[in-house]
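Residue-level listing of the chains:
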Amino acid sequence: MSLEHAILVSLRERAASGYELARRFDKSIGHFWAATHQQIYRTLKRMVEHGWVTADEVAQEGRPDKKVYRVSDAGIDELARWIGEPVDPPALRNALSVKLRGASFGDVDAVTAEVTRHRRLHAERLALYRRIEQRDFPDPAPLSGRSLHQHLVLRGGIRTEQAMLDWCDEILAALAGKGSRGAG
């Protein structure tokens, strides 16, 4: 997947300025596809060059004009092409897994502290996702279309964070049961 496709999805949901799009990434889609504001602006420029989005200049009172980006017909076609394309499951690239595997070659206590830190971060993200679900989807039964799709992505995030939290708990329990140095 490319950032271009994440932006196309977001702009299909609602046209936006680069700033608004970056804020939207910070608050929603960025939980599942992270991008810096600079990356978003660079990518928007490329997307205009490809003809996937158009930019309308909008005058603002007391501020510089802003560009509002919309998906063009070519962008709609590109998004449809990409959505219809098969994707491979994501490869597991997890530095914590590598640290854990190599713990016996280093400081097991440091790895244990890192797992504890990851556990806290996953618990925080899980709590955030559950708050978003309560706020935005208090009754998911009648959902359809875009709101159903958004909710399903959020549910994937909830399940992923819960699995990571469970795994961290399993690691911590196993390491505690073996003593801080573990077996080499």
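Our structure's up above, just so we're on the same page.
Going along each chain's sequence as written, the residues are numbered from 1 onward. Selection of residues for local features in this predicted model requires a pLDDT of at least 70, selection of side-chain atom pairs for listing and counting requires 80 or more, and totals for whole chains, interfaces and linings are taken over all residues. Excluding hydrogens and water, the side-chain figures rest on all heavy atoms present in the structure.

Caption draft 1: Representation of the nonpolar core. Working definition of a nonpolar core: buried Ala, Val, Leu, Ile, Met, Phe, Trp, Tyr and Cys residues. They are joined through side-chain atoms within 4.5 Å. Burial classification: accessible surface area is computed with a 1.4 Å probe over protein chains only, and a residue below 20% of its type maximum counts as buried, one above 50% as exposed, and the rest as partly exposed. Among the nonpolar cores identified, the biggest contains 19 residues, and Ile7, Leu8, Leu11, Leu21, Phe25, Ile40 and Leu44 are the most heavily contacted of them. Strands here are runs of E lasting at least two residues and helices are runs of H or I lasting at least four, both read from the DSSP assignment and numbered beginning at the N terminus. Elements supplying a minimum of two residues to this core: helix H1 (3-13), helix H2 (18-27), helix H3 (37-50), strand E3 (63-71) and helix H4 (73-83). Top element by residues in this core is H1. It accounts for five residues. Any two residues whose heavy atoms approach within 4.5 Å at even a single point are treated as in contact. Ignoring anything within four residues of it in the chain, the contact list for Leu44 reads Ile7, Leu11, Gly18, Leu21, Val53 and Tyr69. One finds Ala103, Val108, Val115 and Ile171 within the second-largest nonpolar core, a separate group that totals nine residues.

Caption draft 2: Highlighting H2. Taken together, the buried positions of H2 are occupied by Gly18, Leu21, Ala22, Arg24 and Phe25. On an axial view of H2, the arc spanned by its buried residues comes to 160°, and they lie on one face. It is the directions from the helix axis to the C-beta atoms whose arc is reported.

Caption draft 3: Highlighting the packing of H2 against H3. Axis definition: a line fitted to C-alpha atoms, over the contacting stretch in the case of helices. Angles run 0 to 180 degrees between N-to-C directions. The contact between H2 and H3 brings their axes to 10 Å, and the two run at 130°. One element, H2, and the other, H3, form an angle in the oblique class. You can see that H2 and H3 cross each other, and the crossing is right-handed. Within the contact between the two elements, H2 uses Gly18, Tyr19, Leu21, Ala22, Phe25 and Asp26 and H3 uses His37, Ile40, Tyr41 and Leu44. Under this scheme an angle from 65 to 115 degrees is roughly perpendicular, one under 35 degrees roughly parallel, and one over 145 degrees roughly antiparallel; angles in between are oblique. Each helix crossing is assigned a hand: it is left-handed if the near helix lies turned anticlockwise from the far helix by less than a right angle, otherwise right-handed if that turn is clockwise.

Caption draft 4: Summary view of the side chain of His151. Following the sequence through the fold, His151 ends up in helix H7 (residues 145-177). Here His151 falls in the buried class, since its relative accessible area comes to 7%. We call two N or O atoms a polar contact when they sit within 3.5 Å, provided that within protein one can donate a hydrogen and the other can accept it, with sequence-adjacent residues counted only if both atoms are side-chain atoms. Within the local environment of His151, its side chain forms a polar contact with the side chain of Glu133, the two groups lying 2.8 Å apart. With near-sequence residues (within four places) excluded, His151 lies in contact with Glu133, Phe137, Pro140 and Leu143.

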